[in-house]
Amino acid sequence: PPKTNPPAVVRSSNLCQELGQLQYIFSDKTGTLTANEMVLRFLSLGGIDLVSSLPAAPTDTMANQEDEAVGGMPLFVPANDSPVKGGSHHADVPVSAGATALKNNSVPLENLLRLAAGRPGGVSNAPRDSFAGLSFSESPETLRARSAAELLAVCHTVLPQMLHGRLEYQGESPDEVALVEAAASVGYRLIRREGDEVVVAVGAAAASAPEAGQGGKCPAGCEELSVRVLAVNQFNSTRKRMSCLVKYPDGSHVLYCKGADTNMFPLLEPRSTAGPEAQLANDHLRAYAREGLRTLVLAKRALSSSQASEWLAKFKAASVARTDRDGQLSEAAASVEQNLVLVGLTAIEDKLQDGVPQTLEYLRRGGLKIWVLTGDKVETAVNIGFSSKLLTTEMTLLYVGASPDGDDTLVVTKETLREQLRELTAHYADQILAQLPHLLKSTTDGTLTDANREALADRLTEAPKPSLSGMSALFGRAHAVNRSLASLWSPFGAPRSGKAAEVEATTLALIVDGNALALVFEDEGLKEALLHLGRVCASVLACRVSPKQKAQVVELVRQGVKPEPLTLAIGDGANDVAMIQSAHIGIGISGKEGMQAVNSADFAIAQFRFLLRLLLLHGRWNYTRMSKVVLYYYYKNFVLTLTLFVYNFQTVFSGTSLYESLMASAYNIVLFLPIVFVGALDQDIAAETVMQTPELYVTGRTNMHLNTPKVAVTMFEGLLTGGGIVAIASA
């Protein structure tokens, strides 16, 4: 969890009662569910797997941590696929055999310095020893290790600072800081950054001394590596990578690049994507993802002086362009980030915040639909989902545009996506129609047969038709409005719509890939099918999504679900601002990624677990209080108005006043006081009971305390009271 706990902030007090009526929660993962305290765990170099022995960040939130975890990281493996071709399988319980094998086949990360120095004998499982007097070699193993160490120590925007007598690092992203600290722990310590000059201390002393690099000086017994960073291609959500052009003292130029595997592998030269080393790299990548680790691909490219000068001219021209500067910078970066040589892979662990599993479990028990939108790989996101209890072993996972085994070669087109959604819709038609019964009446003759299941699937996934115009469009809108109004009524005095049906427990969870989402948003038929499928799932996990897609997912639910549900979005970084602003209620977490999310939100909290009390307790209390206040004012004003209305008949509408102005004012003041205390202090159920019984939140979701029948009953009571007053006065 964050080291500081800033107090909660409320910027929109008129939304407090809506906190008790929510139906959907959209959440970021990194920094929102996790603590943003990242540590490098694995480094893969040419098939050699280096495992870190650095201490893990303390946490007690990882599922089955003591029994089934390795180094605090549980491993989940996909089960056998179900017979549904659309892509679903039942989740298995977590197992640790794979993680144990991965760790047993690894060697300590401290060997990175041994490798980079060309130590005879290569790597070993022995603990770190003295590296003085090592003989250097130029073997491929040595060159790769040296490139990896220098890339971690140089390719970043981290600034070293002296704080409290220690050298500490400040960076835009916790990932970057974690990689720089990992490089420092194995003998490549960043000690100084002045302008475009980056100075790194290389040696065992740099790795072992906590105060190494104090005052920006190289520790005794270490060599000083000084390079110039000529240009930096910044990371963004579209490129999903960053790179920098470095000039070494000998005049050589190297482009270092690191980023997401899906964006990096297409940029590698053919030799780096084929052969046994490439296969080992893919195996390591999948193993890391199955442990819920954040992976990055490291690559480089050597440039000649003429190539570097030519590209630098293009980069500088783009950086001062007056129009479309960002586009020109992206084009310049793309022109040099090609034919890269694979250096290695990194796997970073990001611990969950305290209380996240319990919070998600209780929110789900309260009937809330939770959609987590993340930029991580499918396997990484799924395993974090299990650790956080967003997903459970009782759930059936439905994969859309993604493969349960993490196959990145899966090609998704609109046609394959449409067929996948059609088969999933037909197979789970029972669950869909149980929660959305209006689809059965509008699609079939009221019975559920195999033919009707296929008809429902075909209708929901059919290609979009030309837009309606004139009277047809008018009747279509009238039908939608009529359905929304009808959902408010019930012969028993409670809302009848799918709103109540949707709070029922479900064992389905939807996993969707960002590439599939991009195709879905281009096709109305796919949007409708995905939305109906997502509505019947207890949890939805969207992987590899961009900030724009996060906002689009929120808009999809707001515009597609009728009547429009109340939504909440929660995040901690600038990339979550669009999502936060798209929802009815936005909550920002005061984390390590700046204050953009907090400043754009309606509420701000320090940790995700505080959301539980905010919604289940304070949100429900505020909704209940406001419901009583509204009904009371209906009653009070109806009584007063009815007596005046009847008196007008008795005075033949002469305009004679029944009440003196002082009496009317006294009526409003005296009867106003009781409800003030109810509206501010009423607690219909004790806090302990509410927190232990999250199912009570359903009353707000289904508008049990304030709906049309409740208003009608209140007005009828006012009619009786007013009629009694008139009868007594007349007598």
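Quick summary incoming for the structure in this document. (Residues numbered from 1 in each chain as written. Predicted model: local features only at pLDDT ≥ 70, side-chain atom pairs only at ≥ 80, totals over all residues. Heavy atoms only, no water.)

### Here's the deal with the overall build of the chain
Part 1: Secondary structure summary: the chain contains 28 helices and 24 strands in total.
Part 2: Taking all 731 residues of the chain together, 53% fall into the buried category.
Part 3: Nonlocal contacts in the chain, meaning residues at least 24 apart in sequence, comprise 71% of its contacts between residues at least 6 apart.
Part 4: Accessible area for the chain stands at about 32000 Å²; split by element, carbon and sulfur atoms hold 56% of it. (Helix = DSSP H or I, 4+ residues; strand = E, 2+ residues; numbered from the N terminus. Buried < 20%, exposed > 50% of the residue type's maximum accessible area, 1.4 Å probe, protein only. Contact = heavy atoms within 4.5 Å. Areas by Shrake-Rupley, 256 points an atom, 1.4 Å probe, with all protein chains shown as cover.)

### Here's the deal with the environment of asparagine 233
Part 1: Summarising the element assignment, asparagine 233 is placed in strand S13 (residues 223-233).
Part 2: For asparagine 233, a relative accessible area of 3% corresponds to the buried category.
Part 3: Each C-alpha atom of the pair asparagine 233 and phenylalanine 315 lies 9.1 Å from the other, and the pair is 82 residues apart in sequence.
Part 4: Contacts of asparagine 233, omitting those with residues within four sequence positions, involve Arg239, Arg241, Met242, Ser243, Trp311, Phe315, Ala333, Val336 and Glu337.

### With respect to the pairing of strand S22 (residues 567-571)
Part 1: Of all 5 residues in S22, 5 are buried; the element is thus mostly enclosed.
Part 2: Residues of S22 alternate between two faces, with Thr567, Ala569 and Gly571 on one and Leu568 and Ile570 on the opposite face, all of them buried.
Part 3: For S22 and strand S23 (residues 585-589), the ladder comprises 4 bridges, and the chain directions are parallel. By the bridge assignment, glycine 571 is partnered in S23 with glycine 588. (Pairing = 2+ DSSP bridges.)

### Let's talk about the pattern of salt bridges
Opposite charge on two side chains makes pairing possible when the charged atoms of those side chains draw close.
Part 1: Under the defined criterion, the tally for this structure stands at 26 salt bridges.
Part 2: A salt bridge links arginine 241 to glutamate 337; the shortest N-O distance between them is 2.7 Å. Highlighted residues: arginine 241 in strand S14 (residues 241-247) and glutamate 337 in the loop between helix H10 (325-336) and strand S17 (341-352), separated in sequence by 96 residues.
Part 3: The exposure class of arginine 241 is buried, given its relative accessible area of 10%.
Part 4: Note that lysine 550 is salt-bridged to aspartate 576, the shortest N-O span being 2.9 Å. In this pair, lysine 550 is assigned in helix H21 (residues 547-560) and aspartate 576 in the loop between S22 and helix H22 (577-582), connecting sequence segments 26 residues apart.
Part 5: Its relative accessible area of 0% is what places aspartate 576 among the buried residues.
Part 6: Here the residues in one salt-bridge network are Lys29, Asp175, Arg294 and Asp376, joined through shared partners. (Salt bridge = Lys/Arg side-chain N within 4 Å of Asp/Glu carboxyl O.)

### A closer look at the packing of helix H24 (residues 610-650) against helix H25 (residues 661-681)
Part 1: Packing of H24 against H25 brings their axes to within 9 Å, and their N-to-C directions diverge by 165°. Relative to H25, the element H24 is oriented roughly antiparallel. When you trace H24 past H25, the crossing you get is right-handed. From H24, Arg625, Lys628, Val629, Tyr632, Tyr633, Lys636, Val639 and Leu640 reach across to H25, where they touch Tyr667, Asn668, Leu671, Phe672, Ile675, Val678, Gly679, Ala680 and Leu681. (Axes fitted to C-alpha atoms, helices over the stretch in contact; angles between N-to-C directions. Parallel < 35°, antiparallel > 145°, perpendicular 65-115°, else oblique. Left-handed = near helix turned anticlockwise from the far one by under 90°.)

### Digging into the packing of helix H11 (residues 356-365) against H24
Relative orientation and spacing of two packed helices are given, respectively, by the angle between their axes and the distance between those axes.
Part 1: Packing of H11 against H24 leaves a shortest axis separation of 9 Å and a crossing angle of 20°. By the angle between their axes, H11 is roughly parallel relative to H24. Like other packed secondary-structure pairs, H11 and H24 cross with a definite hand, here left-handed. Between H11 and H24, the contacting residues are Thr359, Tyr362 and Leu363 on the first element and Leu611, Leu612, Leu615 and Leu616 on the second.

### Considerations on the pairing of strand S2 (residues 24-27)
Part 1: Residue alternation in S2 divides its side chains into two sets, Tyr24 and Phe26 and Ile25 and Ser27, and both sets are buried.
Part 2: Direction of pairing for S2 relative to S22: parallel, over a ladder of 4 bridges. In the sheet register, serine 27 faces S22, and the bridge partner there is isoleucine 570.

### Some words on the packing of aromatic side chains
Describing an aromatic ring pair means giving the distance of the ring centres and the angle of the ring planes.
Part 1: One pass over the full model with this rule turns up 7 aromatic pairs.
Part 2: Judged by centre distance (6.1 Å) and plane angle (75°), the rings of tyrosine 24 and tryptophan 371 are edge-to-face. With tyrosine 24 in strand S2 and tryptophan 371 in strand S18 (residues 369-373), this residue pair connects regions lying 347 residues apart in the sequence.
Part 3: Residue class for tyrosine 24 comes out buried when judged on its relative accessible area of 1%. (Phe/Tyr/Trp six-rings, centres within 6.5 Å; stacked < 30°, edge-to-face > 60°.)

### A few points about the environment of methionine 595
Part 1: Within the secondary structure layout, methionine 595 lies in the loop between S23 and helix H23 (596-600).
Part 2: On the basis of relative accessible area, methionine 595 is assigned to the partly exposed category, the value being 42%.

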